[in-house]
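# Structural overview for review
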Amino acid sequence: MERHEAEACGTCQHGLTAGMIKAVERRQVYDIPVPRLEVTEHQAAIYCCDHCRATTTATFPDGVNAHVQYGKRIRAAAVYCNVQQLIPEDRVCQLLRDLFGATSLCAASVTNWVNGTARTLGGVVEHILARLNEGGVRHLDETGLRVAGKLHWLHSISDLAFTHYRISTKRGAVPSFLTGGTIVHDHWKSYYAHMSGVDAHALCGAHHLRELKAIEEIEKEPWACAMSVLLNSANQLKCAAQGRGETELPTSVHHGILTKYMAILTEGLAFHERQDPLARRTGARGRKARRPGHNLLVRLRDYRDDVLRFLTDFTVPFTNNQAERDLRMMKLRMKISGTFRTLEGAQVFADIRSVISTVRKHGGNILETLTLSPQQIIARL
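What you see is a predicted model; the values in this text were computed from it and never measured. Residue positions are given per chain, counting from 1 as you read along its sequence in written order. Totals for whole chains, interfaces and linings use all residues, but because this is a predicted model, local features are given only for residues with pLDDT of at least 70 and pairs of side-chain atoms are given and counted only at 80 or more. Only hydrogens and water are set aside when side-chain values are computed; all heavy atoms of the structure are taken into account.

### Examining the overall build of the chain
Defined as follows: Every helix listed is a DSSP run of H or I at least four residues long, and every strand listed is a run of E at least two residues long, numbered separately from the N terminus. The globule rule used here is 2.2 Å times the number of residues to the 0.38 power, and the radius of gyration it is set against is calculated over C-alpha atoms. We call two residues contacting when some pair of their heavy atoms lies within 4.5 Å. In summary, the charge assignment counts Lys and Arg as positive and Asp and Glu as negative, without counting His or the chain termini. Just so you know, the charge point we use is NZ for Lys, CZ for Arg, CG for Asp and CD for Glu.
In terms of helices and strands, the chain carries 15 helices and seven strands. On C-alpha atoms alone, the chain measures out to a radius of gyration of 31 Å, which is more than a quarter above the 21 Å that the 2.2 N^0.38 rule sets for 381 residues. Seen along its three principal axes, the alpha-carbon backbone of the chain occupies a region of about 95 × 80 × 45 Å. Considering only intrachain contacts with a sequence separation of at least 6, the fraction spanning at least 24 residues in the chain is 58%. In the chain, the 48 positive side-chain charges and the 38 negative ones have mean positions that sit 5 Å from each other.

### Side note on the nonpolar core
What counts is decided by this rule: Throughout this description, the term nonpolar core refers to a set of buried Ala, Val, Leu, Ile, Met, Phe, Trp, Tyr and Cys residues connected via side-chain atoms within 4.5 Å. Here's how the labels work: a residue is buried when its accessible area is under 20% of the maximum for its type, exposed when over 50%, partly exposed in between, all with a 1.4 Å probe on protein chains only.
With 57 residues, the main nonpolar core has Leu-145 and Leu-154 as its most contacted residues. Not counting chain neighbours up to four residues away, the residues in contact with Leu-154 comprise Asp-141, Glu-142, Thr-143, Leu-145, Tyr-165, Arg-166, Ile-167, Leu-327, Met-329, Met-330 and Ala-350. The next biggest cluster of nonpolar side chains, apart from the first, holds 26 residues, and it includes Leu-203, Trp-223, Ile-264 and Leu-296.

### What about the pattern of salt bridges?
For clarity, the cut-off: Take a side-chain nitrogen of Lys or Arg and a carboxyl oxygen of Asp or Glu: if they are within 4 Å of each other, that pair is a salt bridge.
Enumeration over the complete set of coordinates arrives at 14 salt bridges. The closest approach of N and O atoms between Arg-301 and Asp-302, which form a salt bridge, is 2.9 Å. Given the relative accessible area of 39%, Arg-301 is considered partly exposed. For Asp-302, a relative accessible area of 48% gives the class partly exposed. With its nearest N and O atoms 3.6 Å apart, the salt bridge here joins Arg-304 to Asp-305.

### Some points on the pairing of strand 3 (residues 137-147)
Short version of the rule: The criterion for strand pairing is that DSSP finds at least two bridges linking the strands in question.
Burial runs high along strand 3: ten of the eleven residues are buried. As paired strands, strand 3 and strand 6 (residues 182-185) are joined by three bridges and run parallel to one another. Across the sheet, Val-137 pairs through a bridge with Thr-182, a residue of strand 6. With nine bridges joining them, strand 3 and strand 4 (residues 150-158) adopt antiparallel strand pairing. Bridged to His-139 within strand 4 is Ser-158.

### Some details on the environment of Arg-360
Within the secondary structure layout, Arg-360 lies in helix 13 (residues 343-361). Counting along the chain gives 263 residues from Arg-360 to Arg-97, while the straight-line C-alpha distance between them is 27 Å. With residues near it in sequence (within four places) discarded, Arg-360 still touches Tyr-80, Gln-84 and Ile-366.

### Comments concerning the packing of aromatic side chains
We apply this condition: Put simply, two rings from Phe, Tyr or Trp (the six-membered ring, in Trp's case) pair if the centres are within 6.5 Å, and we call them stacked under 30 degrees between planes, edge-to-face over 60, tilted for the rest.
Inspection of every chain in the model, using the stated rule, returns four aromatic pairs. Taking 4.8 Å as the distance between ring centres and 45° as the angle between the ring planes, the aromatic pair formed by Tyr-192 and Tyr-303 counts as tilted. Separated by 111 residues along the polypeptide, Tyr-192 in helix 5 (residues 189-194) and Tyr-303 in the loop between helix 9 (292-302) and helix 10 (304-307) bring together distant segments of the chain. Residue class for Tyr-192 comes out partly exposed when judged on its relative accessible area of 22%. With a relative accessible area of 28%, Tyr-303 lands in the partly exposed category. On the numbers, 4.8 Å between centres and 70° between planes, the contact of Phe-310 with Phe-318 is edge-to-face. For Phe-318, a relative accessible area of 8% corresponds to the buried category.

### Quick word on the packing of helix 1 (residues 72-84) against helix 3 (residues 107-120)
The cut-off we apply is this: Between N-to-C directions, angles cover 0 to 180 degrees, with each direction set by a line fitted to C-alpha atoms, over the stretch in contact for helices. Angles below 35 degrees are treated as roughly parallel, those above 145 as roughly antiparallel, those between 65 and 115 as roughly perpendicular, and all remaining angles as oblique. Lys, Arg, Asp and Glu make up the charged group, whereas Ala, Val, Leu, Ile, Met, Phe, Trp, Tyr, Cys and Pro make up the nonpolar group; the residues left over, Gly among them, are polar.
One way to put it is that helix 1 packs onto helix 3 with a least axis distance of 9 Å and a crossing angle of 90°. Here helix 3 runs roughly perpendicular to helix 1, going by the angle between their axes. Judged by residue contacts, Ile-74, Arg-75, Ala-78, Val-79, Asn-82 and Val-83 of helix 1 engage Val-110, Trp-113, Val-114 and Thr-117 from helix 3. Classifying every residue of the contact of helix 1 with helix 3 by side-chain character gives seven nonpolar, two polar and one charged.

### Here's the deal with the pairing of strand 7 (residues 200-203)
On a regular strand, one side chain projects to one face of the sheet and the next to the other, so that they alternate. Residues Ala-200 and Ala-202 line one face of strand 7 and the alternating positions His-201 and Leu-203 line the opposite face, and both faces are buried. The pairing of strand 6 with strand 7 spans four bridges and is classified as parallel. Each bridged residue has a counterpart across the sheet, and for Val-184 the counterpart in strand 7 is Ala-202.

### Details of the sheet that holds strand 7
Taken in spatial order, the five strands make up an open sheet running 5-4-3-6-7, and their pairing is mixed. The open sheet has two free edges, formed respectively by strand 5 (163-168) and strand 7, since each of these has just one partner strand. Each adjacent strand pair in this sheet contributes to an overall mean axis angle of 25°, direction not counted. Sitting on the sheet, helix 4 (residues 122-132) touches strand 3, strand 4 and strand 5, and the angle it makes with strand 5 is about 105°. Across the sheet, helix 13 lies against strand 3, strand 4 and strand 5, angled at about 170° from strand 5, the strand it touches most.

Rendered as structure tokens:
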């Protein structure tokens, strides 16, 4: 508290004393304390036994291994800045020097701390993956990244509470080990080809709406607008029912949506039957080429149950936005720092982000979490 007093009257300039104070006006200023490093000296007592004259030295706490070292909180801050806030190692050093006076910190130390954190969190990552394999609704997606100048893929599995990231050299290396429950995705064929252990698939409605918008505006196909309106209306009906505490749509409402859905498909397929076939390249093999709208119609017809899974199972969302949000950070990471130098470094990043994303979904404090043991973190998840 700082007290401010006046020496003279603001009107007549007469001198003022403490006895004239009748009240105080208060104003509060919130600020951070001056950043500084705190040094804790650990002393291990050395004993000489009176009985056998042997020398015994007390044990230092875990983590106190060197004569001079940085503590777990500043190491956690460096990992947080590098992996969560995506600040490159040399700039992390500059930041911690400026804020806390960590003048001897170097980029190699930050890299070692990040690698060590990933090794420590290995058990937590396994726990997250095990929880995601318990069933329920899981969101799957993948995005490209560069490792040592070559294209690799970041595969994600996530739900409302857990996130797991995995680096692979192939886009088609989907998590085929998942069993039970429902997976939500964007119709990447590998999900159907290699994930037979799950109970059901659900397709992202947002992807369908984007494709329908393009077909409506570019291809000028009349059925696309009607399908967009129907899918949006169906989602609104489901959300309204959920808001009333219901777990399913009335049979008549669901039947009405399904009837309109099939009618629009019939109209769209008839539209394409009337179109002239696309020109075929000389020597081309395989089935005849189809227009984008025709391909989408066939998918909406053949995978009707997966497209409308959000109506028959209220735990399944209309979109795969959960997976897209969980992958967005990798796009930002590539914009800031570009390629990863090694595959091991990329997986280290993915493992720590798996834990950070999961802790964030549980409302935990990331900095505090990075100072805890794996057992303590798992107990909070």
